[in-house]
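For reference, the chains in residue letters:
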Amino acid sequence: MINKNVVKKNAMKPTTAQKIAVILVNLGTPDEPTVTAVRQYLRQFLSDGRVIEIPKLLWQIILNLFVLTTRPKKVAHAYKSIWDSDSPLRKIAFEQADALQQRFDNRDNHDNHDNHDLLEKLDVQVCVAMTYGNPSLQDLLTKLNQQQVENTVILPLYPQYSATTTAAVFDVVAKWGLSQRDLPAISFIKDYFDNPLYIKALAEKIRDFQALHGKPEKLLMSFHGIPKPYEDKGDPYAKRCRYTASQLAKALKLADDEWLCSFQSRFGKQEWVKPYTDAILTDWGRQGVKSVHVISPAFSADCLETLEELAVENRDIFQSNGGGEYRYIPALNADKLHIDLIYSIVLPHVLAHAKF
């Protein structure tokens with residue numbers, strides 16, 4: 001069941017405190033792991049021109065006659081394999097919001113005295129929203145406006161900017177604004193692919209995992225892919241992914257032959273950015289690589305692409321081609337270092353909105 005409490009309130013704050021909303025935005029998820037719900041979600045997601053850059057009329061024909069008549073059944077089956085009481089992505093999103101809300105409410109020792117005094121004057125509400133599906137970003141913005149929240153900080157939880165993800169969030173905000181008479185002040189955070197705390201959180205995640213499971217022969221950093229033509233037109237996503245991977249390898253002090261950056265989740269027949277994750281794992285399997293650990297730094301929360309595609313499908317590809325041990329390293333999710341990172345990113349924007 002979907003958590004309807006999309007706006008987190010701090011009941012301890014006086015009603016006169018200045019209201020500021022921090023919105024954590026992720027891609028989205030179906031409401032249920034059913035063919036009908038998945039079809040509804042995919043229709044919204046794949047109808048976005050940011051995601052599919054094919055002439056609209058042609059794509060709508062392909063989408064409705066082919067994609068939505070075949071793909072929902074397969075995707076719904078995959079969702080059922082990872083679904084608990086809700087979609088993992090949505091459950092983790094609320095865990096992240098709750099943890100971040102506690103950071104703002106508790107005012108721990110990470111804040112200097114000036115920040116502490118200023119934050120005491122603020123009513124910071126941490127909220128969850130999705131670009132597609134529920135809880136809807138557009139609906140949340142309307143609710144906040146009705147509550148007279150005049151200052152909003154929006155953090156798309158995509159470490160590496162892409163027009164297919166982060167820009168799509170901006171589009172929702174811009175389209176919503178067209179129907180509003182009185183707009184709030186909005187800070188929109190682009191990305192954090194090179195943030196030292198982000199690299200630190202990833203490195204610590206890997207170190208902790210390897211302390212339990214040992215160091216593998218190969219570490220694969222697999223990022224969600226985008227079509228190659230998107231990169232050719234100027235999308236900086238793949239370049240940002242490669243930079244993140246190189247900085248993470250540096251932090252872990254890995255030799256060049258111990259790691260690789262790759263891209264997963266191809267869709268359709270066109271060329272995507274390379275190298276492909278499944279192709280790399282096929283090659284490594286055939287080469288007799290004895291152990292592989294895989295992490296996906298592009299995902300701030302575990303979801304279908306990590307828990308089913310990366311952890312299961314790609315494991316089978318590697319091992320069916322002769323590979324040995326294969327382990328998936330979970331996303332940062334609601335880990336403390338991840339919440340520390342998010343807090344450090346949004347705090348300056350929250351303080352910038354405060355009226356002195």
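Criteria and thresholds
Sequence positions are assigned chain by chain, starting from 1 and proceeding in written order. Since the coordinates come from a predicted model, pLDDT governs what is reported: local features require at least 70, and pairs of side-chain atoms require 80 or more to be given and counted, while whole-chain, interface and lining totals use all residues. Side-chain measures were taken over the full set of non-hydrogen atoms in the model, leaving aside hydrogen atoms and water. A 1.4 Å probe rolled over the protein chains alone gives each residue an accessible area, and that area as a share of the maximum for its type sets the label: buried under 20%, exposed over 50%, partly exposed in between. Helix and strand assignments follow DSSP, with helices taken as H or I runs no shorter than four residues and strands as E runs no shorter than two, numbered in order from the N terminus. We treat two strands as partners when DSSP finds at least two bridges between them. We call a set of buried Ala, Val, Leu, Ile, Met, Phe, Trp, Tyr and Cys residues a nonpolar core when their side-chain atoms join them within 4.5 Å. Bear in mind that the domain bounds are from an automatic or database domain assignment. The criterion used for residue contact is that any of the two residues' heavy atoms lie within 4.5 Å. UniProt positions are given in the numbering used here, feature names are shortened, and annotations may be inferred rather than shown by experiment. Note on geometry: axes are C-alpha line fits, over the in-contact stretch for helices, and angles between N-to-C directions span 0 to 180 degrees. When two parts are brought into contact, each loses some accessible area as probed by a 1.4 Å sphere; the total of that loss over both is the buried area. We define a salt bridge as a contact between a side-chain nitrogen of Lys or Arg and a carboxyl oxygen of Asp or Glu at a distance within 4 Å. Under the grouping applied here, Gly and all other residues not named as nonpolar or charged are polar, the nonpolar ones being Ala, Val, Leu, Ile, Met, Phe, Trp, Tyr, Cys and Pro and the charged ones Asp, Glu, Lys and Arg. Crossover handedness is defined by viewing with both strands directed away from the observer: a clockwise path from the first strand over the helix to the second marks the crossover as right-handed.

1. A closer look at the pairing of strand β1 (residues 18-29)
Line of reasoning, step 1. Of all 12 residues making up β1, 11 are buried, and the element is well covered by its neighbours.
Line of reasoning, step 2. Taken together, the 6 bridges between β1 and strand β3 (residues 151-156) define a ladder with parallel strand orientation. Looking at β3, one finds that Ala21 is bridged to Thr152.

2. Digging into the nonpolar core
Line of reasoning, step 1. Counting 63 residues, the largest nonpolar core has Val22, Phe104 and Met221 as the members making the most contacts within it.
Line of reasoning, step 2. With 9 residues, helix α12 (residues 336-353) is the largest single contributor of residues to this core.
Line of reasoning, step 3. Both of domain 1 (18-191 + 336-354) and domain 2 (196-328) provide at least three residues apiece to this core.
Line of reasoning, step 4. Val22 has contacts with Leu100, Phe104, Val124, Gln125, Val126, Cys127, Val153, Val346 and Val350, leaving out every residue within four places of it along the chain.
Line of reasoning, step 5. Of all hydrophobic cores here, the second largest spans 37 residues; its members include Leu27, Tyr41, Leu42 and Leu140.

3. What to know about the UniProt feature "binding site: Fe(2+)" (unreviewed entry) in the chain
Line of reasoning, step 1. According to UniProt, the "binding site: Fe(2+)" (unreviewed entry) feature falls on His224 and Glu305. Spatially, the listed residues are clustered: although they cover 82 residues, their C-alpha atoms lie within 8.2 Å of one another.
Line of reasoning, step 2. Here His224 shows up in strand β5 (residues 218-224).
Line of reasoning, step 3. The class of His224 is partly exposed, set by a relative accessible area of 25%.
Line of reasoning, step 4. Apart from the residues lying within four places of it in its own chain, the contact partners of His224 are Tyr237, Phe263, Gln264, Ser265, Trp272, Ala298, Phe299 and Glu305.
Line of reasoning, step 5. Structurally, Glu305 can be placed in helix α11 (residues 304-320).
Line of reasoning, step 6. Its relative accessible area of 22% is what places Glu305 among the partly exposed residues.
Line of reasoning, step 7. Ignoring anything within four residues of it in the chain, the contact list for Glu305 reads His224, Gln264, Ser265, Phe299 and Leu310.

4. Some thoughts on the sheet that holds β1
Strand pairing in a sheet takes place through backbone hydrogen bonds and is either antiparallel or parallel in direction.
Line of reasoning, step 1. Strands sit in the order β2-β1-β3-β4 across an open sheet of 4 strands; the sheet is parallel. Strands at the two margins of the open sheet, each flanked by one partner only, are β2 (122-133) and β4 (185-188). The mean inter-strand angle of the sheet, taken between neighbouring strand axes irrespective of direction, is 25°.
Line of reasoning, step 2. On top of the sheet, helix α1 (residues 35-46) reaches β1 and β2; it is set at about 100° to β2, its chief contact.

5. Some details on the domain arrangement of the chain
Many analyses report the size of an interface as the accessible area lost when the parts associate.
Line of reasoning, step 1. For the chain, the domain assignment lists domain 1 (18-191 + 336-354) and domain 2 (196-328).
Line of reasoning, step 2. Centre-to-centre, using C-alpha coordinates, domain 1 lies 24 Å away from domain 2.
Line of reasoning, step 3. Facing the 30 residues of domain 1 at the interface are 24 residues of domain 2.
Line of reasoning, step 4. For the pair domain 1 and domain 2, the summed buried area comes to about 2,200 Å², and 67% of that belongs to carbon and sulfur atoms.
Line of reasoning, step 5. Salt-bridge contacts for Asp191 lead to Arg240; the nearest nitrogen and oxygen are separated by 2.5 Å.
Line of reasoning, step 6. At the level of elements, α2 (56-82), α3 (88-106) and α12 are the ones that each hand at least two residues to the side of domain 1 that touches domain 2.
Line of reasoning, step 7. Counting residues per element, the side of domain 1 that touches domain 2 draws most heavily on α2, at 8 residues.
Line of reasoning, step 8. The residue inventory of the side of domain 1 that touches domain 2, partitioned by class, reads 17 nonpolar, 8 polar and 5 charged.

6. Considering the pairing of strand β8 (residues 325-328)
Line of reasoning, step 1. Side chains of β8 alternate between two faces, with Tyr326 and Tyr328 buried and Glu325 and Arg327 left unburied.
Line of reasoning, step 2. Where strand β7 (residues 291-295) and β8 come together, 4 bridges link them in parallel fashion. Looking at β8, one finds that His293 is bridged to Arg327.
Line of reasoning, step 3. Once the chain exits β7 it traverses α11 before rejoining the sheet at β8, and the crossover so formed is right-handed.

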